[in-house]
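Structural features, examined
As a plain string of letters, each chain reads:
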Amino acid sequence: MSDDDAAEAAEGEASTDDSSEDSSTSGGTVPVGVKLGSTRTVIALPDSHGTENRIVRTLTCMATYEDALTGEEKVLYGEEAAREYPDRVEYMLRSGLPEDEDRAEMTKKFFEALIEENDIPADSGVVYAIPTIDNPAGLENLKSVIEDSGIGISLMESYPESLCGSIPAFGDDLEAIDEIFISVNMGSTNLEASAYRRGEQLAPFTTGAVTGNEVDRMIANYVEEETQGRVNIDTQTAREYKEEHADFVDFEPFTDIIQQPGGGTHEFTIERSVMDAVDEYLDDTVDELANTFLPELANDYMKVYQLALDRPVVITGGMACIPGIVEEFERRLSEELNRDIEATAADQPDVAPTVGAQRIAARLVENS
Ligand SMILES: Nc1ncnc2c1ncn2[C@@H]1O[C@H](COP(=O)(O)OP(=O)(O)OP(=O)(O)O)[C@@H](O)[C@H]1O
Ligand SMILES: [Mg+2]
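In this text the structure is predicted, and so the values were computed from the model without any measurement.

What counts, and where the lines are drawn
Residues numbered from 1 in each chain as written. Chains lettered and ligands numbered in written order. Predicted model: local features only at pLDDT ≥ 70, side-chain atom pairs only at ≥ 80, totals over all residues. Heavy atoms only, no water. Helix = DSSP H or I, 4+ residues; strand = E, 2+ residues; numbered from the N terminus. Rg over C-alpha atoms; globule rule 2.2 N^0.38 Å. Buried < 20%, exposed > 50% of the residue type's maximum accessible area, 1.4 Å probe, protein only. Contact = heavy atoms within 4.5 Å. Areas by Shrake-Rupley, 256 points an atom, 1.4 Å probe, with all protein chains shown as cover. Lys, Arg positive; Asp, Glu negative; His and termini not counted. Charge placed at Lys NZ, Arg CZ, Asp CG, Glu CD. Donors = N, O, S within 2.8 Å, 3.2 Å for Na, K, Ca; no water. pLDDT = per-residue confidence, 0-100. Near = heavy atom within 4 Å. Polar contact = N/O pair within 3.5 Å; in protein donor to acceptor, adjacent residues only side chain to side chain. Phe/Tyr/Trp six-rings, centres within 6.5 Å; stacked < 30°, edge-to-face > 60°. Pairing = 2+ DSSP bridges. Axes fitted to C-alpha atoms, helices over the stretch in contact; angles between N-to-C directions. Patch = residues over 30% accessible without salt bridge, like charges linked within 9 Å, V, L, I, M, F, W, Y side chains within 5 Å. Salt bridge = Lys/Arg side-chain N within 4 Å of Asp/Glu carboxyl O.

**A short note on the overall build of the protein chain**
The helix and strand tally for the protein chain stands at 11 helices and 14 strands. Here the C-alpha radius of gyration of the protein chain, 21 Å, is about what a compact globule of 368 residues would show, namely 21 Å. In terms of its C-alpha atoms, the protein chain occupies a principal-axis envelope of roughly 65 × 55 × 40 Å. A burial count over the protein chain gives 54% of its 368 residues as buried. Counting contacts in the protein chain only where the partners sit at least 6 residues apart, residues at least 24 apart contribute 65% of the total. For the protein chain, the exposed surface amounts to about 16900 Å²; the carbon and sulfur share of it is 41%. Separation of charge centres in the protein chain, based on 26 positive and 79 negative side chains, amounts to 3 Å.

As structure tokens, then:
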């Protein structure tokens, strides 16, 4: 990934500043990776030189408005929609998948607008990183979004998000597909863990109880407590605090300012709220793994369990971006299991599922 792409991914802007509109490599089928996530949607494809990935990353939300001149319905998505239409912006995948037909329709509009604005080529082979969730209706709706999209004419496949997210953690190619390991995906609406044996998903476990969204709610509550009820923040602001300040290595207290309803401002400092919340999150994650997922894996696949725990556990997903979380996860899981556990993560765990999906797409396109 180029520095530009990295900076852009870090900024979370909806657009890309790649100077070239042409993302095809040699005029052939373009391999594309896509993750339609509940918080963010990420697309990866080769840049105009075909050497580096171009990353498109945007909030998964949209608002529609009527064109003032033509009366036509216009679609606005991502950060722009969230900023300009806070009153009616829709997060269609808030629960992780399109829950009903209306949300599926909205997701289609969102995805079409995103594809068009970023010139994702129709002649492409697309691999989707899909969450492992036991919700057949939601998965069916997601499938219809994927199948009705204008991209992936040559090839359309889906692979589990936690497998895709592990690929960049193992190396520059598809090494992960030949390995036996455990992957933990730390998302906004779900915690997912699976074992993989040469790409085969075993003993998948998911819970909606330990999530990035829950951390945001905790932060909002703790901020109220920490400021003796003087400061109320919404979960969007809580998420921003978490993404900017959570740090297991060297967290620094930070200040913010709110407007008082009667005029004037109030400045406050946050010392504990963010880290208390992510600390509990990590404890709960380790608890779910040690006491539910791993016993089930051991029960169903004892040999895989033994082999996998001798290797690094891969953590992926947005919550894995918190600095120092890999080491802290290692320490706490080792303590809980009473044996040495190693952990690892890709450089950018939040975009890793998309990057992994893109690599699979490249291989499938090459083979076809
Ligand atoms: N740099 C960061 N620091 C801390 N948290 C982060 C960071 N980046 C993203 N997150 C958090 O990670 C979560 C999003 O993770 P991810 O993108 O993997 O989720 P998702 O795939 O959309 O959700 P899910 O699969 O659970 O539906 C959010 O709670 C977000 O606030
Ligand atoms: Mg996810």
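What follows picks up the thread again.
**Description of the coordination of the magnesium ion (ligand 2)**
The protein atoms that coordinate the magnesium ion (ligand 2) are Glu161 (OE) and Glu161 (OE), at distances of 2.1 to 2.5 Å. Structurally, glutamate 161 can be placed in helix 5 (residues 161-170).

**Concerning unusual backbone geometry**
In the Ramachandran plot, glutamine 228 falls in the positive-phi region, its phi being about 50° despite a non-glycine side chain. Its place among the elements puts glutamine 228 in the loop between helix 6 (212-226) and helix 7 (235-245). Despite not being glycine, asparagine 338 shows a phi value in the positive range, around 60°. Residue position: asparagine 338 is located in the loop between helix 10 (325-337) and strand 14 (343-344). According to the relative accessible area criterion, asparagine 338 is exposed, its value standing at 72%.

**A short note on the confidence of the model for the protein chain**
Confidence along the protein chain averages 92 in pLDDT terms, with 93% of residues attaining 70 or more. Low pLDDT, under 50, characterises residues 1-25; the stretch is placed with 52 contacts to residues that sit more than four places away or in other chains.

**Observations regarding the site of ligand 1**
Near ligand 1 you find 20 residues, and of these Lys35, Ser38, Thr189, Lys242 and Glu243 are the closest. Here lysine 242 contributes a side-chain N or O atom positioned 2.8 Å from an oxygen atom of ligand 1. Within the backbone of glycine 318, a nitrogen or oxygen atom sits 2.9 Å from an oxygen atom of ligand 1. Here ligand 1 loses 93% of its free accessible area of 660 Å² to cover by the protein chains. It is helix 7 that contributes the most residues to the shell around ligand 1, three residues altogether.

**Considering helix 5**
Because each turn of an α-helix spans 3.6 residues, side chains separated by three or four positions in sequence point in the same direction. Counting buried residues along helix 5, eight of its 10 residues qualify, which places the element largely inside the surrounding structure. Looking only at helix 5, the buried set comprises Glu161, Ser162, Leu163, Cys164, Gly165, Ser166, Ile167 and Pro168.

**Here we look at the side chain of serine 124**
Turning to its location among the elements, serine 124 is positioned in strand 6 (residues 124-130). Its relative accessible area of 0% is what places serine 124 among the buried residues. A distance of 2.9 Å separates a polar side-chain atom of serine 124 from the backbone nitrogen of glycine 152. In this structure, serine 124 is in contact with Thr29, Val30, Val32, Ile151, Gly152, Ile153, Ser154 and Leu155, ignoring residues within four places of it in sequence.

**Re the packing of aromatic side chains**
The full count for this structure, using the stated rule, is eight aromatic pairs. Their ring planes at 80° and their centres at 6.3 Å tell us that phenylalanine 251 and phenylalanine 254 sit as a pair that is edge-to-face. One exposure class covers both phenylalanine 251 and phenylalanine 254, and it is buried. An aromatic cluster is present here, built from Phe170, Phe181 and Tyr196 joined pairwise through their rings.

**Overview of the sheet that holds strand 13 (residues 313-316)**
Read from one edge to the other, the open sheet built from five strands follows the order 10-9-8-13-14, with strand pairing classed as mixed. Of all the strands in the sheet, just strand 10 (200-207) and strand 14 have a single pairing partner and so form its edges. Sheet strands touched by helix 5: strand 8 (180-186), strand 9 (191-197), strand 10, strand 13 and strand 14. Its angle to strand 8, the strand with the most contacts, is close to 110°. Packing of helix 9 (residues 302-309) onto the sheet brings it into contact with strand 8, strand 9, strand 10 and strand 13, and relative to strand 8 it is tilted by some 75°.

**Describing a negative patch on the surface**
On the surface, Glu80, Glu84, Glu112, Glu116, Glu117 and Asp119 cluster together to form a negatively charged patch. Listed by contribution, the elements that provide at least two residues to the negative patch are helix 2 (78-84) and helix 3 (101-117). Top contributing element to the negative patch by residue count: helix 3, with three residues.

**With respect to the sheet that holds strand 2 (residues 40-46)**
Reading across the sheet, the five strands line up as 3-2-1-6-7 and stay open at both edges, with mixed pairing between neighbours. Whereas interior strands pair on both sides, the edge strands pair on one side only; in this sheet they are strand 3 (53-59) and strand 7 (155-160). Each strand of the sheet is rotated relative to its neighbour by a mean of 15°, with strand direction disregarded. Looking at chain direction, strand 1 (residues 30-36) and strand 6 are connected through five bridges and run parallel. Counted as the bridge partner of valine 32 is valine 126 from strand 6. Running over the sheet, helix 4 (residues 136-148) touches strand 1, strand 6 and strand 7 and is turned about 160° from strand 6. Strands in contact with helix 5 are strand 1, strand 6 and strand 7; relative to strand 7, the strand with the most contacts, it is inclined by about 90°.

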